[in-house]
Amino acid sequence: MTKFAWAGMAAALGMTAGMASAQDAVTLQLKWVTQGQFAGYYVALDNGYYEEEGLDVTIRPGGPDIAPVQVLMGGGADVMVDWMPSALAAREQGAPVVNIAQPVVRSGLMLVCWADAGITTPEDFRGHKIGTWFFGNEIPLLNWLSQLGIPTTGGEDGAEILRIGFNVDPLLQRQADCVTAMTYNEYWQVIDAGVTPEQIVVFRYEDYGVATLEDGLWVNEDNLSDPAFVDRMARFVRASMRGWEWALANPEAAAEIVLDNDETGAQTLEHQVRMVREMAALTEGSTGVLDEAAYQRTVDTLLGGGSDPVITRAPEGAFTHVVTEAASME
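These remarks concern the structure in this document. Residue numbering note: each chain is counted from 1, following its sequence as written. Reporting of local features is limited, given that this is a predicted model, to residues whose pLDDT is at least 70; pairs of side-chain atoms are given and counted only at 80 or more, and all residues count toward the totals for whole chains, interfaces and linings. With hydrogens and water set aside, each side-chain value is computed from the structure's full complement of heavy atoms.

Quick look at the environment of E51 now. Going along the chain from the N terminus, every DSSP run of H or I of four or more residues is numbered as a helix, and every run of E of two or more is numbered as a strand. By secondary structure assignment, the location of E51 is in helix α3 (residues 49-52). As for E51 and V79, which are separated by 28 residues in sequence, their C-alpha atoms are 17 Å apart.

Dropping the structure here:
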(Lines give C-alpha, C1' and ligand atoms only; values in the text may rest on other atoms or scores of the structure.)
Protein backbone atom coordinates (compact mmCIF):
# COMPACT_ATOMS: atom_id res chain seq x y z
CA MET A 1 0.00 0.00 0.00
CA THR A 2 1.42 3.42 -0.95
CA LYS A 3 1.87 6.32 1.43
CA PHE A 4 -1.16 8.00 -0.17
CA ALA A 5 -3.28 4.93 0.47
CA TRP A 6 -2.18 4.85 4.12
CA ALA A 7 -2.97 8.53 4.47
CA GLY A 8 -6.31 7.99 2.77
CA MET A 9 -7.18 5.17 5.17
CA ALA A 10 -6.42 7.46 8.08
CA ALA A 11 -8.66 10.11 6.60
CA ALA A 12 -11.45 7.59 6.14
CA LEU A 13 -11.25 6.74 9.82
CA GLY A 14 -11.37 10.37 10.80
CA MET A 15 -7.82 10.37 12.13
CA THR A 16 -6.20 12.92 9.82
CA ALA A 17 -4.64 15.62 11.95
CA GLY A 18 -5.98 19.10 11.45
CA MET A 19 -8.81 18.12 9.11
CA ALA A 20 -11.07 21.08 8.50
CA SER A 21 -14.34 21.03 10.39
CA ALA A 22 -16.19 22.46 7.39
CA GLN A 23 -15.90 21.56 3.73
CA ASP A 24 -13.27 23.71 2.01
CA ALA A 25 -14.09 24.53 -1.60
CA VAL A 26 -11.66 23.55 -4.37
CA THR A 27 -12.24 24.01 -8.09
CA LEU A 28 -10.24 21.88 -10.52
CA GLN A 29 -9.97 22.96 -14.17
CA LEU A 30 -9.30 20.03 -16.50
CA LYS A 31 -7.25 20.31 -19.66
CA TRP A 32 -9.92 18.60 -21.75
CA VAL A 33 -13.45 17.20 -21.65
CA THR A 34 -14.72 14.63 -19.16
CA GLN A 35 -13.03 11.34 -20.06
CA GLY A 36 -10.89 8.52 -18.68
CA GLN A 37 -7.80 10.72 -18.95
CA PHE A 38 -9.03 12.30 -15.69
CA ALA A 39 -10.57 9.23 -14.09
CA GLY A 40 -8.68 9.59 -10.82
CA TYR A 41 -10.28 12.93 -10.04
CA TYR A 42 -13.81 11.77 -10.83
CA VAL A 43 -13.29 8.62 -8.77
CA ALA A 44 -12.04 10.67 -5.82
CA LEU A 45 -15.17 12.81 -6.11
CA ASP A 46 -17.60 9.92 -6.56
CA ASN A 47 -16.05 7.67 -3.90
CA GLY A 48 -16.08 10.44 -1.33
CA TYR A 49 -12.32 10.76 -0.96
CA TYR A 50 -12.45 14.54 -1.26
CA GLU A 51 -15.27 14.73 1.25
CA GLU A 52 -13.27 12.61 3.70
CA GLU A 53 -10.50 15.20 3.42
CA GLY A 54 -12.92 18.01 4.24
CA LEU A 55 -13.12 19.25 0.68
CA ASP A 56 -16.01 20.33 -1.52
CA VAL A 57 -14.52 19.80 -4.99
CA THR A 58 -15.93 21.07 -8.25
CA ILE A 59 -14.44 19.62 -11.46
CA ARG A 60 -14.71 21.86 -14.48
CA PRO A 61 -14.29 20.09 -17.84
CA GLY A 62 -12.15 21.71 -20.48
CA GLY A 63 -12.80 21.98 -24.17
CA PRO A 64 -11.54 23.46 -27.44
CA ASP A 65 -12.33 26.99 -26.33
CA ILE A 66 -11.03 26.73 -22.77
CA ALA A 67 -7.43 27.60 -21.87
CA PRO A 68 -6.72 26.21 -18.37
CA VAL A 69 -4.00 28.81 -17.67
CA GLN A 70 -6.41 31.65 -18.40
CA VAL A 71 -9.04 30.11 -16.12
CA LEU A 72 -6.50 29.67 -13.33
CA MET A 73 -5.05 33.16 -13.65
CA GLY A 74 -8.54 34.63 -13.79
CA GLY A 75 -9.46 33.02 -10.47
CA GLY A 76 -11.91 30.59 -12.03
CA ALA A 77 -10.07 27.59 -10.57
CA ASP A 78 -7.75 26.83 -7.66
CA VAL A 79 -5.79 24.18 -9.52
CA MET A 80 -5.55 23.05 -13.13
CA VAL A 81 -4.44 20.02 -15.11
CA ASP A 82 -2.02 21.04 -17.84
CA TRP A 83 0.92 19.73 -19.84
CA MET A 84 4.31 20.95 -18.69
CA PRO A 85 5.41 22.46 -22.05
CA SER A 86 2.39 24.76 -22.27
CA ALA A 87 2.55 25.60 -18.55
CA LEU A 88 6.26 26.48 -18.68
CA ALA A 89 5.73 28.53 -21.84
CA ALA A 90 2.94 30.40 -20.07
CA ARG A 91 5.17 30.96 -17.04
CA GLU A 92 7.91 32.47 -19.20
CA GLN A 93 5.29 34.75 -20.71
CA GLY A 94 4.30 36.04 -17.28
CA ALA A 95 1.69 33.63 -15.86
CA PRO A 96 3.04 32.56 -12.42
CA VAL A 97 1.98 28.90 -12.61
CA VAL A 98 3.69 26.33 -10.38
CA ASN A 99 3.58 22.53 -10.52
CA ILE A 100 2.53 21.06 -7.17
CA ALA A 101 2.14 17.39 -8.18
CA GLN A 102 2.69 15.10 -11.18
CA PRO A 103 0.34 12.08 -11.22
CA VAL A 104 1.16 11.26 -14.87
CA VAL A 105 4.82 10.30 -15.25
CA ARG A 106 5.06 9.11 -18.86
CA SER A 107 4.02 10.67 -22.16
CA GLY A 108 1.13 9.31 -24.20
CA LEU A 109 1.81 11.61 -27.14
CA MET A 110 2.47 10.21 -30.62
CA LEU A 111 2.20 10.93 -34.32
CA VAL A 112 0.15 8.51 -36.42
CA CYS A 113 1.08 8.49 -40.11
CA TRP A 114 -0.09 6.61 -43.18
CA ALA A 115 2.42 3.89 -44.01
CA ASP A 116 1.88 4.41 -47.74
CA ALA A 117 2.98 8.06 -47.39
CA GLY A 118 6.56 6.80 -47.33
CA ILE A 119 7.27 7.94 -43.78
CA THR A 120 9.48 5.49 -41.91
CA THR A 121 11.65 7.82 -39.79
CA PRO A 122 11.15 11.33 -38.35
CA GLU A 123 13.41 12.72 -41.10
CA ASP A 124 10.69 11.64 -43.54
CA PHE A 125 8.33 14.26 -42.11
CA ARG A 126 9.84 16.61 -44.70
CA GLY A 127 7.50 17.32 -47.58
CA HIS A 128 4.43 16.06 -45.72
CA LYS A 129 1.38 17.54 -44.02
CA ILE A 130 1.12 17.07 -40.26
CA GLY A 131 -2.09 17.87 -38.41
CA THR A 132 -1.91 18.93 -34.79
CA TRP A 133 -4.04 20.54 -32.10
CA PHE A 134 -3.29 24.03 -30.88
CA PHE A 135 -4.13 25.76 -27.56
CA GLY A 136 -0.61 24.84 -26.36
CA ASN A 137 -0.83 21.24 -27.52
CA GLU A 138 1.18 22.07 -30.63
CA ILE A 139 4.29 22.92 -28.59
CA PRO A 140 5.81 19.40 -28.33
CA LEU A 141 5.47 18.83 -32.10
CA LEU A 142 6.92 22.19 -33.07
CA ASN A 143 9.74 21.62 -30.61
CA TRP A 144 10.52 18.20 -32.11
CA LEU A 145 10.52 19.54 -35.67
CA SER A 146 12.79 22.38 -34.60
CA GLN A 147 15.23 19.89 -33.09
CA LEU A 148 15.19 17.94 -36.36
CA GLY A 149 15.87 21.11 -38.30
CA ILE A 150 12.64 20.72 -40.25
CA PRO A 151 10.97 24.07 -41.01
CA THR A 152 7.22 24.35 -40.62
CA THR A 153 6.72 26.41 -43.75
CA GLY A 154 6.03 23.47 -46.04
CA GLY A 155 7.84 22.70 -49.24
CA GLU A 156 10.01 19.72 -50.05
CA ASP A 157 12.39 20.36 -47.17
CA GLY A 158 9.79 21.33 -44.61
CA ALA A 159 6.58 20.11 -43.08
CA GLU A 160 3.23 21.81 -43.54
CA ILE A 161 1.46 22.15 -40.20
CA LEU A 162 -2.32 21.88 -40.28
CA ARG A 163 -4.40 23.19 -37.41
CA ILE A 164 -6.92 20.42 -36.79
CA GLY A 165 -9.78 19.73 -34.44
CA PHE A 166 -9.54 17.16 -31.67
CA ASN A 167 -10.27 14.20 -33.91
CA VAL A 168 -8.54 12.11 -36.56
CA ASP A 169 -10.76 13.05 -39.51
CA PRO A 170 -7.95 14.85 -41.38
CA LEU A 171 -5.95 11.63 -41.41
CA LEU A 172 -8.88 9.42 -42.37
CA GLN A 173 -9.85 11.83 -45.14
CA ARG A 174 -6.24 12.00 -46.39
CA GLN A 175 -6.02 15.72 -45.76
CA ALA A 176 -2.96 15.05 -43.59
CA ASP A 177 -0.23 12.43 -43.81
CA CYS A 178 0.22 12.39 -40.04
CA VAL A 179 -1.81 13.60 -37.07
CA THR A 180 -1.12 14.10 -33.40
CA ALA A 181 -2.65 11.40 -31.23
CA MET A 182 -2.64 10.11 -27.67
CA THR A 183 -2.07 6.46 -26.82
CA TYR A 184 -5.29 6.47 -24.82
CA ASN A 185 -7.56 8.29 -27.25
CA GLU A 186 -7.00 9.28 -30.88
CA TYR A 187 -4.88 6.25 -31.76
CA TRP A 188 -7.89 4.08 -30.97
CA GLN A 189 -10.16 6.37 -32.97
CA VAL A 190 -8.03 5.50 -36.00
CA ILE A 191 -8.25 1.78 -35.28
CA ASP A 192 -11.99 1.97 -34.57
CA ALA A 193 -12.45 3.63 -37.96
CA GLY A 194 -11.33 0.37 -39.60
CA VAL A 195 -7.65 1.17 -40.14
CA THR A 196 -5.34 -1.76 -39.37
CA PRO A 197 -2.06 -1.34 -37.45
CA GLU A 198 -0.22 -2.40 -40.62
CA GLN A 199 -1.61 0.58 -42.53
CA ILE A 200 -0.08 3.15 -40.20
CA VAL A 201 3.28 4.06 -38.71
CA VAL A 202 3.39 5.28 -35.12
CA PHE A 203 6.04 7.62 -33.69
CA ARG A 204 5.86 7.78 -29.88
CA TYR A 205 7.60 10.77 -28.39
CA GLU A 206 8.89 8.54 -25.58
CA ASP A 207 10.76 6.41 -28.14
CA TYR A 208 12.56 9.36 -29.74
CA GLY A 209 13.84 11.15 -26.66
CA VAL A 210 11.57 14.15 -27.09
CA ALA A 211 8.87 13.23 -24.58
CA THR A 212 7.87 15.88 -22.06
CA LEU A 213 5.76 15.61 -18.93
CA GLU A 214 2.05 15.92 -19.54
CA ASP A 215 -0.90 16.04 -17.11
CA GLY A 216 0.36 17.72 -13.95
CA LEU A 217 -1.37 19.78 -11.28
CA TRP A 218 -0.58 23.50 -11.36
CA VAL A 219 -1.59 26.44 -9.17
CA ASN A 220 -1.10 30.20 -9.06
CA GLU A 221 2.22 30.83 -7.33
CA ASP A 222 0.76 33.77 -5.42
CA ASN A 223 -1.52 31.40 -3.48
CA LEU A 224 1.33 29.25 -2.16
CA SER A 225 2.24 31.89 0.41
CA ASP A 226 -1.02 31.05 2.20
CA PRO A 227 -0.59 28.04 4.56
CA ALA A 228 -4.33 27.36 4.42
CA PHE A 229 -4.16 27.07 0.62
CA VAL A 230 -1.19 24.70 0.83
CA ASP A 231 -3.13 22.58 3.32
CA ARG A 232 -6.14 22.48 1.00
CA MET A 233 -3.97 21.45 -1.93
CA ALA A 234 -2.23 18.76 0.16
CA ARG A 235 -5.59 17.23 1.01
CA PHE A 236 -6.69 17.55 -2.60
CA VAL A 237 -3.56 15.80 -3.94
CA ARG A 238 -3.80 13.04 -1.34
CA ALA A 239 -7.43 12.31 -2.19
CA SER A 240 -6.73 12.53 -5.93
CA MET A 241 -3.95 9.95 -5.71
CA ARG A 242 -6.32 7.64 -3.83
CA GLY A 243 -8.70 8.14 -6.72
CA TRP A 244 -6.04 7.23 -9.26
CA GLU A 245 -5.04 4.09 -7.36
CA TRP A 246 -8.65 2.93 -7.24
CA ALA A 247 -9.34 3.84 -10.87
CA LEU A 248 -6.36 1.92 -12.19
CA ALA A 249 -7.26 -1.12 -10.09
CA ASN A 250 -10.91 -0.95 -11.22
CA PRO A 251 -10.90 0.37 -14.82
CA GLU A 252 -14.42 -0.78 -15.71
CA ALA A 253 -15.98 0.76 -12.61
CA ALA A 254 -13.87 3.90 -13.03
CA ALA A 255 -15.08 4.24 -16.62
CA GLU A 256 -18.68 4.00 -15.39
CA ILE A 257 -17.98 6.84 -12.95
CA VAL A 258 -16.52 8.95 -15.77
CA LEU A 259 -19.63 8.34 -17.86
CA ASP A 260 -21.87 9.27 -14.93
CA ASN A 261 -20.10 12.65 -14.83
CA ASP A 262 -20.18 13.24 -18.58
CA GLU A 263 -23.08 15.60 -19.20
CA THR A 264 -22.57 15.50 -22.97
CA GLY A 265 -23.39 11.82 -23.35
CA ALA A 266 -20.81 11.66 -26.13
CA GLN A 267 -18.56 8.99 -24.57
CA THR A 268 -18.92 5.21 -24.76
CA LEU A 269 -18.13 2.68 -22.05
CA GLU A 270 -15.81 0.63 -24.27
CA HIS A 271 -13.70 3.66 -25.18
CA GLN A 272 -13.53 4.92 -21.60
CA VAL A 273 -12.47 1.52 -20.21
CA ARG A 274 -9.72 1.37 -22.79
CA MET A 275 -8.66 4.92 -21.94
CA VAL A 276 -8.45 4.22 -18.21
CA ARG A 277 -6.36 1.13 -18.90
CA GLU A 278 -4.00 3.10 -21.11
CA MET A 279 -3.68 5.72 -18.36
CA ALA A 280 -2.44 2.94 -16.07
CA ALA A 281 0.71 2.68 -18.19
CA LEU A 282 1.30 6.42 -17.93
CA THR A 283 0.77 6.66 -14.16
CA GLU A 284 2.30 3.35 -13.05
CA GLY A 285 4.52 3.84 -10.01
CA SER A 286 3.49 7.46 -9.50
CA THR A 287 3.05 8.83 -6.00
CA GLY A 288 2.16 12.27 -7.29
CA VAL A 289 5.59 13.65 -6.39
CA LEU A 290 7.28 15.40 -9.30
CA ASP A 291 10.49 13.62 -10.27
CA GLU A 292 13.10 16.36 -10.63
CA ALA A 293 15.08 14.37 -13.20
CA ALA A 294 11.98 14.06 -15.40
CA TYR A 295 11.33 17.77 -14.91
CA GLN A 296 14.86 18.60 -16.00
CA ARG A 297 14.58 16.35 -19.06
CA THR A 298 11.44 18.26 -20.04
CA VAL A 299 13.16 21.61 -19.56
CA ASP A 300 16.24 20.49 -21.52
CA THR A 301 14.04 19.22 -24.35
CA LEU A 302 12.13 22.50 -24.52
CA LEU A 303 15.31 24.57 -24.40
CA GLY A 304 16.87 22.42 -27.11
CA GLY A 305 14.31 23.35 -29.73
CA GLY A 306 16.88 24.58 -32.23
CA SER A 307 16.21 28.00 -33.69
CA ASP A 308 12.75 28.23 -32.17
CA PRO A 309 12.83 26.85 -28.61
CA VAL A 310 9.62 26.67 -26.58
CA ILE A 311 11.28 28.44 -23.67
CA THR A 312 14.38 30.62 -23.91
CA ARG A 313 15.73 30.25 -20.38
CA ALA A 314 15.62 27.70 -17.58
CA PRO A 315 12.56 28.36 -15.40
CA GLU A 316 13.03 29.31 -11.77
CA GLY A 317 10.49 28.32 -9.13
CA ALA A 318 8.29 26.45 -11.60
CA PHE A 319 7.66 23.54 -9.22
CA THR A 320 7.44 22.88 -5.51
CA HIS A 321 7.36 19.80 -3.31
CA VAL A 322 5.73 21.62 -0.41
CA VAL A 323 2.27 20.28 -1.24
CA THR A 324 3.21 16.63 -1.80
CA GLU A 325 5.39 16.69 1.31
CA ALA A 326 2.44 17.94 3.32
CA ALA A 327 0.19 15.37 1.67
CA SER A 328 2.44 12.46 2.67
CA MET A 329 3.08 13.66 6.23
CA GLU A 330 -0.51 13.75 7.47
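Moving on, we get to the sheet that holds strand β9 (residues 200-204). The pairing criterion is simple: DSSP has to find at least two bridges between the two strands. Spatially, 5 strands are ordered β7-β6-β8-β5-β9 in an open sheet, and the strand pairing comes out mixed. A strand with exactly one partner marks an edge of an open sheet, and here the two such strands are β7 (160-163) and β9. Going across the sheet, the axis of each strand differs from the next one's by a mean of 30 degrees, ignoring polarity. Here 5 bridges tie strand β5 (residues 109-114) to β9, and the two strands are oriented antiparallel to one another. Fitted lines through C-alpha atoms serve as axes, helices being fitted only where they are in contact, and the angles separating the N-to-C directions of these axes extend from 0 to 180 degrees.

Here we take up the environment of P315. With respect to the element layout, P315 can be found in the loop between α12 (292-303) and α13 (322-329). A 1.4 Å probe rolled over the protein chains alone gives each residue an accessible area, and that area as a share of the maximum for its type sets the label: buried under 20%, exposed over 50%, partly exposed in between. On the basis of relative accessibility, which here comes to 22%, the residue P315 falls in the partly exposed class. Residues P315 and A294, spaced 21 residues apart in sequence, show a C-alpha to C-alpha distance of 14 Å. Contacts were defined at the residue level, with two residues in contact if any of their heavy atoms lie within 4.5 Å. In this view, P315 contacts L88, Y295 and V299; residues no more than four positions away in its chain are not counted.

Here we come to the packing of aromatic side chains. The pairing test for Phe, Tyr and Trp rings, Trp by its six-membered ring, is centres within 6.5 Å, and the orientation test on the planes gives stacked under 30 degrees, edge-to-face over 60, and tilted for anything in between. Taken as a whole and judged by the stated rule, the model has 10 aromatic pairs. Plain terms: the ring middles of Y41 and W244 are 5.8 Å apart, the flat faces sit at 80 degrees to each other, and that makes the pair edge-to-face. Of this pair, Y41 sits in helix α2 (residues 39-46) while W244 sits in helix α9 (residues 227-249); the two residues are 203 residues apart in sequence, bridging distant segments of the chain. Each of the two residues, Y41 as well as W244, counts as buried. An aromatic cluster is built from F125, W144, F203, Y205 and Y208, whose rings are joined through pairwise contacts. Over the aromatic face of W83 sits the side chain of K31, whose NZ or CZ is 5.1 Å from the ring centroid. Any Lys NZ or Arg CZ found within 6 Å of a ring centre and within 35 degrees of that ring's normal is scored as a charge over the ring.

Turning next to the packing of helix α10 (residues 251-261) against helix α11 (residues 269-283). Viewed as axis vectors pointing N to C, α10 and α11 meet at an angle of 120 degrees, and their least axial separation amounts to 8 Å. By the angle class used here, α10 and α11 are oblique. Between α10 and α11 the crossing geometry is right-handed. Contacts from P251, E252, A254, A255, E256, V258 and L259 of α10 reach α11 at L269, Q272, V273, V276 and R277. Residues were grouped as follows: Ala, Val, Leu, Ile, Met, Phe, Trp, Tyr, Cys and Pro as nonpolar; Asp, Glu, Lys and Arg as charged; and all remaining residues, including Gly, as polar. Split into classes, the residues belonging to the contact of α10 with α11 amount to 8 nonpolar, 1 polar and 3 charged. Any angle from 65 to 115 degrees is called roughly perpendicular, while one under 35 is roughly parallel, one over 145 is roughly antiparallel, and all others are oblique. Crossing handedness follows the turn of the near helix against the far one: under a right angle anticlockwise gives a left-handed crossing, and clockwise gives a right-handed one.

What follows concerns the sheet that holds strand β4 (residues 97-101). Sheet strands pair by backbone hydrogen bonding; their relative direction is either parallel or antiparallel. Pairing is mixed across the open sheet formed by 5 strands, whose spatial order is β2-β1-β3-β10-β4. Pairing within the sheet leaves two strands with one partner each, and these edge strands are β2 (55-60) and β4. Going across the sheet, the axis of each strand differs from the next one's by a mean of 30 degrees, ignoring polarity. Pairing of strand β1 (residues 24-29) with strand β3 (residues 79-82), which is carried by 2 bridges, proceeds in the parallel orientation. Bridge assignment links L28 to a residue of β3, and that residue is V79.

Put simply, a disulfide is two cysteine sulfurs that come within 2.5 Å. According to the stated counting rule, one finds 1 disulfide in the structure shown. Through a disulfide, C113 is tied to C178; the S-S separation comes to 2.2 Å. Because the sign of the S-S torsion sets the handedness, a value of about 105 degrees for the bond joining C113 and C178 places this disulfide among the right-handed ones. One end of the pair, C113, is in strand β5; the other, C178, is in strand β8 (residues 178-182), and 65 residues separate them in sequence. Summarising the burial analysis for this pair, C113 and C178 share the class buried.

The span you would expect from a helix comes to 1.5 Å times its residue count less one. Compared with the 33 Å implied by 1.5 Å per residue over 23 residues, the 33 Å span of α9 between its first and last C-alpha is a close match. N or O atoms closer than or at 3.5 Å make up a polar contact, with two conditions inside protein: a donor-capable atom paired with an acceptor-capable one, and, for residues adjacent in sequence, both atoms drawn from side chains. The N-cap of α9, judged by a side-chain oxygen 3.0 Å from the amide nitrogen of A228 a few residues on, is D226.

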